Each structure stands twice: as structure tokens, then as C-alpha cells.
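A look at the structure
Here are the chains, one letter per residue:
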Amino acid sequence: MSAAYFITGTDTDVGKTTIAAGLLHAARVAGLSTAAGKPVASGCDLGPKGLRNADALALLAQSSLPLSYEEVNPFAFEPAIAPHLAAREAGVALTVQSLLMPMRELLAKGADFTLIEGAGGWRVPLADQDNLSDLAMALGLPVILVVGVRLGCINHALLSAEAIAQDGLQLAGWVANIIEPKTSRLEENLATLAERLPAPCLGRVPRLKPATAEAVAEHLQLDLLD
């Protein structure tokens, strides 16, 4: 097996990294080698080794290949703002071309299971007229959509799925990350998502404390991916 996916979310703060780490852990438990990339991250902390992002570190921790931090997260910015704004303030030209080579190099390492994680939702701006979704298109990767289950998630999920299809990419699967357990008519909302999204649900992840990769992996089914 050698499979790679681009993982995105219906919005920011819907648990993309939590789910990505769970998927990577599930792959490792299944005996697969793993690698992950987060091409651009804002909201980083400055330490002795430079800027570090908590999400990128979580992905690195679940990568079985010996990767450096910079291979996982080549573009890191300190302010916790939209990546294109953080890059502009840092004087960095954040384009698809600048992200493409490091992610291709990561994919070329040939892990059995590789995830490339976006930032925020599907249509996140980069420099000029580029969007982060253009990177997924350039890489030609099937997409895993993390649906943050709360009021309004059906609209966000269906619009995201439509945009992914319009960009010519396959929606390989989606994960229901239940970030608001008290969502009214929760089961009915989940049933509607299952009926309307054109891909298998890889799992329903409840609100976990702590939401470790190991705990999340128990609620996911990798074998539903093509």
C-alpha cells in the first residue's frame, strides 16, 4: 500500500489535526509506515530551534519516517492569523509553487500512508490569486474532509464537497468530529450528512478528553478509504 491524501476541514478549529493524527496512528497500528505534512502554519511559538507549530508537531509525532520539522512544516509564521496575512507581514511570497516542491519531496519518501494537512477550510487564500486548494489540485490528491459537527455543519460540509468536486478532486471520505455534543438533533444531522456527502464516513469521533491520537484512532476506519 502507498496512499496519500489531502485533509481539509469545513472551517477553522474543527479538529483537522486531531483527526489527522488519529488516522496516522490507525495506519501505524495497521503496520503501515506514515508521513505527514503541514505546508503552512500560522500561530507558531518561537523556541530555541525556531518557530514551531503545535499541529505540525502532532503530525510529526505520528510520522514513522524519520522526518525533520522543516520537512513537515516548511512555512511557519508566528501570528495566529490567516496564513496569507501572516506571510505578507513576514515578507514571504506564499504561493502554490513555493509549497509544491517540499510537499512533493515529502510524498516522494514513499510512506505507505501520507497525509498533507491544509489550514482552515478548503478555500484558504495564499498570495496573489492562489488558494491552498490549488496545492491539493497540483498534487492531485484525493481529499478527506473533517466535518466539525455543530449547528450549520451540513451547509459547510456540502459546500466544501461541491468545491472539491468542482476542482476535479475525489472526496475519498469524511469524518464527523463531534465538537458540540449537545447539537440539536445530532443523529438526524449525521444521517443527513451520510445521505448527502458522496463518500464514506470514516468514523464518528466523540468529544474526547484527552483527544489523543490513540483515542481518536479507535473511532476511525481506514479500510473504508479507496
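Residues numbered from 1 in each chain as written. Predicted model: local features only at pLDDT ≥ 70, side-chain atom pairs only at ≥ 80, totals over all residues. Heavy atoms only, no water.

When its secondary structure is counted, the protein shows nine helices and ten strands. Counting all 226 residues of the protein, 52% fall into the buried class. For the protein, the proportion of contacts with a sequence separation of at least 24, taken over those separated by at least 6, is 77%. Between the centroid of the 16 positive side chains of the protein and the centroid of its 24 negative side chains there is a distance of 4 Å. (Helix = DSSP H or I, 4+ residues; strand = E, 2+ residues; numbered from the N terminus. Buried < 20%, exposed > 50% of the residue type's maximum accessible area, 1.4 Å probe, protein only. Contact = heavy atoms within 4.5 Å. Lys, Arg positive; Asp, Glu negative; His and termini not counted. Charge placed at Lys NZ, Arg CZ, Asp CG, Glu CD.)

All right, on to the pairing of strand β10 (residues 201-205) then. Direction of pairing for strand β9 (residues 171-177) relative to β10: parallel, over a ladder of four bridges. Looking across to β10, one finds that Val175 is bridged to Gly203. What joins β9 to β10 is helix α8 (residues 186-196), and the crossover it makes is right-handed. (Pairing = 2+ DSSP bridges. Right-handed = clockwise from strand over helix to strand, strands pointing away.)

Look at the UniProt record and you will see "active site" (unreviewed entry) annotated at Lys38. In this structure Lys38 touches Asn53, Asp55, Ala56, Leu59, Val72, Asn73, Pro74, Glu117, Gly118 and Ala119, once residues within four positions along its chain are discounted. (UniProt positions renumbered as here; feature names shortened; annotations may be inferred.)

Next up on the list: the packing of aromatic side chains. To describe a pair of aromatic rings, you give the distance between the ring centres and the angle between the ring planes. In the structure shown here, the tally under the stated rule is two aromatic pairs. Relative to Phe113, the ring of Tyr5 lies with its centre 5.9 Å away and its plane at 45°, an arrangement referred to as tilted. Placement of Tyr5 in strand β1 (residues 3-9) and of Phe113 in strand β7 (residues 113-117) is noted, with a sequence separation of 108 residues between them. The pair formed by Tyr5 and Phe113 is uniform in burial state, with each residue classed as buried. Measuring from ring centre to ring centre gives 5.9 Å for Phe6 and Trp122, while their planes differ by 90°; the resulting arrangement is edge-to-face. Here Phe6, found in strand β1, pairs with Trp122, found in the loop between β7 and α6 (132-139); they are 116 residues apart in sequence, far enough to count as distant. In this structure, Phe6 and Trp122 share a single accessibility class: buried. (Phe/Tyr/Trp six-rings, centres within 6.5 Å; stacked < 30°, edge-to-face > 60°.)

Take the UniProt feature "binding site: Mg(2+)" (unreviewed entry) in the protein next. UniProt records the feature "binding site: Mg(2+)" (unreviewed entry) at Thr17, Asp55 and Glu117, using the numbering of this structure. The greatest C-alpha distance among the annotated residues, which extend across 101 residues, is 9.5 Å, indicating that they converge on a single site. Those annotated residues from the list above that line the largest pocket are Thr17, Asp55 and Glu117. By the element assignment, Asp55 lies in helix α2 (residues 54-61). Under the relative-accessibility criterion, Asp55 is labelled partly exposed at 32%. Once residues lying within four places of it in the same chain are set aside, the contact partners of Asp55 are Thr17 and Lys38. Here Glu117 shows up in strand β7. (1 Å grid on protein atoms, 1.4 Å probe; cavity = no way out; pocket = protein on both sides within 12 Å on 5 of 7 lines; lining within 4 Å.)

Another point: the layout of surface pockets. In this structure, the largest pocket spans a volume of roughly 380 Å³. Lining the largest pocket are 20 residues; nearest its centre among them are Thr12, Asp13, Lys16, Asp55 and Gly120. Listed by contribution, the elements that provide at least two residues to the lining of the largest pocket are α1 (16-29) and β3 (40-42). Within this model, the second largest pocket holds a volume of roughly 160 Å³. For the second largest pocket, the full set of lining residues is Asp13, Val14, Gly15, Thr18, Asn177, Ile178, Ile179, Val205, Pro206, Arg207, Leu208 and Ala211. Per-class residue counts for the lining of the second largest pocket are seven nonpolar, three polar and two charged. (Points joined across faces, edges and corners; volume = space filled by probe spheres on them. Nonpolar A, V, L, I, M, F, W, Y, C, P; charged D, E, K, R; others polar.)

Attention now moves to the side chain of Glu117. Residue class for Glu117 comes out buried when judged on its relative accessible area of 1%. A polar atom in the side chain of Glu117 sits 2.7 Å from the side chain of Thr17. Only 3.0 Å separates the side chain of Glu117 from the side chain of Lys38, close enough to count as a polar contact. Filtering out sequence-adjacent residues up to four positions away, Glu117 remains in contact with Ile7, Lys16, Thr17, Ala20, Gly37, Lys38, Pro39 and Leu59. (Polar contact = N/O pair within 3.5 Å; in protein donor to acceptor, adjacent residues only side chain to side chain.)

Turning our eyes to something else, we now look at the side chain of Ser33. Among the secondary structure elements, Ser33 is positioned in the loop between α1 and β2 (34-37). A polar side-chain atom of Ser33 sits 2.8 Å from the main-chain amide nitrogen of Asp112. Here Ser33 is in contact with Ser64, Leu65, Ala111, Asp112 and Phe113, once residues within four sequence places are set aside.

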